[in-house]
Amino acid sequence: MMWNIVSDSSCDLRMASFSSETVRFESVPLRIQVGGQEFLDNDELSVPEMLTAMAEEKAASSSACPSPAAFAKAFEAGECTVCFTISANLSGTYNAAVMGREMALEEHPEKKICVIDSKATAGAMVLLIRRAQALMEAAAGPEDFENICSELREYQASLRTCFTLECFDNLIKNGRMRPLVGTLLHTLGIHVIADATPQGTIHVADKARGEGKTYRAITALMRQSKDCTGAEVVISHCENLAGAMKLKQQILDDLPVKRVDILSCRGLTSFYAMEKGLILGY
């Protein structure tokens, strides 16, 4: 049988980077609307091209979640499917996936489909996918499906997400930050540090001036949020590999984590993080 993992494209794992003989992975893309241009968030998307378009566009850009039919088609590709979505408090994607599940089961009632709200995005979803792959590859068969879903829900509850922003243009254009505040923060080199609440909403946790203080503030936030002993960390960066490398070293210096991986932001996470933004899942 073929196990099936599905996510939306707010997960920064590219389909081309996934490899397994018994588990398939599919990312269902969101769409980003920038003026008259539409960008499909798939493996072929050029993030720098999208960011340039966003910088040149005076009006606010927007995103659109996948259709239920797109999720249903992805669910039909495997006998047992687990799907992870961006936080339901940030997007309608979770509801679309649930509707897609119902559509798929109407046509194929024998299939097993579990939809899990990650209550996060980016690296936390990557960690969920990796855990799901490991559990599926070790499973005896479909009879293990419910146990796998239960373990993944417990793992999801243990994960944390935080991020830091340097560019505030998108927040300003969408009316979520006053232009004067955004200009002042950028001029002073102040980085906003935020985390995701257990409910999947965003909470501004701190502000710091300069890279070094920002990265130390992030590791302090990580230490406060959970016991990081043996934790796996995924850093997603938006055109900021140098910053991601520095943050990785700060985490390794300050916390007893198991490993730190670095990925490039895809379209949806770049839309939110903007240039130089960093998102951590751990």
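The structure contained in this document is the topic of the report that follows.

Calculation rules
- Residues numbered from 1 in each chain as written.
- Predicted model: local features only at pLDDT ≥ 70, side-chain atom pairs only at ≥ 80, totals over all residues.
- Heavy atoms only, no water.
- Pairing = 2+ DSSP bridges.
- Helix = DSSP H or I, 4+ residues; strand = E, 2+ residues; numbered from the N terminus.
- Axes fitted to C-alpha atoms, helices over the stretch in contact; angles between N-to-C directions.
- Contact = heavy atoms within 4.5 Å.
- Polar contact = N/O pair within 3.5 Å; in protein donor to acceptor, adjacent residues only side chain to side chain.
- Phe/Tyr/Trp six-rings, centres within 6.5 Å; stacked < 30°, edge-to-face > 60°.
- Buried < 20%, exposed > 50% of the residue type's maximum accessible area, 1.4 Å probe, protein only.
- Lys NZ or Arg CZ within 6 Å of the ring centre and 35° of its normal.
- Core = buried A, V, L, I, M, F, W, Y, C linked by side-chain atoms within 4.5 Å.

## Things to note about the sheet that holds strand 1 (residues 3-8)
Next, step 1: Spatially, four strands are ordered 2-1-6-7 in an open sheet, and the strand pairing comes out parallel. Edge positions in the open sheet fall to strand 2 (23-28) and strand 7 (112-117), since each of these has one partner strand only. Taking each pair of neighbouring strands and ignoring which way they run, the sheet shows an average axis angle of 15°.
Next, step 2: Relative to the sheet, helix 3 (residues 93-107) contacts strand 1, strand 6 (80-85) and strand 7, its axis offset from that of strand 7 by approximately 175°.

## Focus: the environment of Asp144
Next, step 1: Inspection of the secondary structure assignment puts Asp144 in the loop between helix 4 (123-138) and helix 5 (145-158).
Next, step 2: Separated by 84 residues in the primary sequence, Asp144 and Cys228 place their C-alpha atoms 29 Å from one another.
Next, step 3: There is a polar contact of 2.7 Å between the side chain of Asp144 and the backbone nitrogen of Ala140.

## Comments concerning the packing of aromatic side chains
Next, step 1: Inspection of the entire model under this criterion finds three aromatic pairs.
Next, step 2: Judged by centre distance (5.3 Å) and plane angle (40°), the rings of Phe18 and Phe25 are tilted. You'll find Phe18 and Phe25 in the same group, each marked buried.
Next, step 3: It is Arg131 that lies over the ring of Tyr155; its NZ or CZ is 3.8 Å from the centre.

## Some thoughts on the nonpolar core
Next, step 1: With 31 residues, the main nonpolar core has Trp3, Ile5, Val82, Phe84, Ile129 and Leu152 as its most contacted residues.
Next, step 2: Contributing elements (two or more residues each) for this core: strand 1, strand 2, strand 6, strand 7, helix 4 and helix 5.
Next, step 3: No other element matches helix 4, which puts nine residues into this core.
Next, step 4: In this structure, Tyr215, Leu221, Ala231 and Ala244 belong to the second largest nonpolar core, which totals 21 residues.

## A few points about unusual backbone geometry
Next, step 1: A positive phi is found at Lys119, a non-glycine position, where the angle reads about 55°.
Next, step 2: With respect to the secondary-structure elements, Lys119 resides in the loop between strand 7 and helix 4.
Next, step 3: A residue is classified by how much of its surface remains accessible, and Lys119, at 29% relative accessible area, is partly exposed.
Next, step 4: Positive phi outside glycine occurs at Met274, with the angle close to 60°.
Next, step 5: For Met274, the position within the fold is in the loop between helix 10 (267-273) and strand 13 (278-281).

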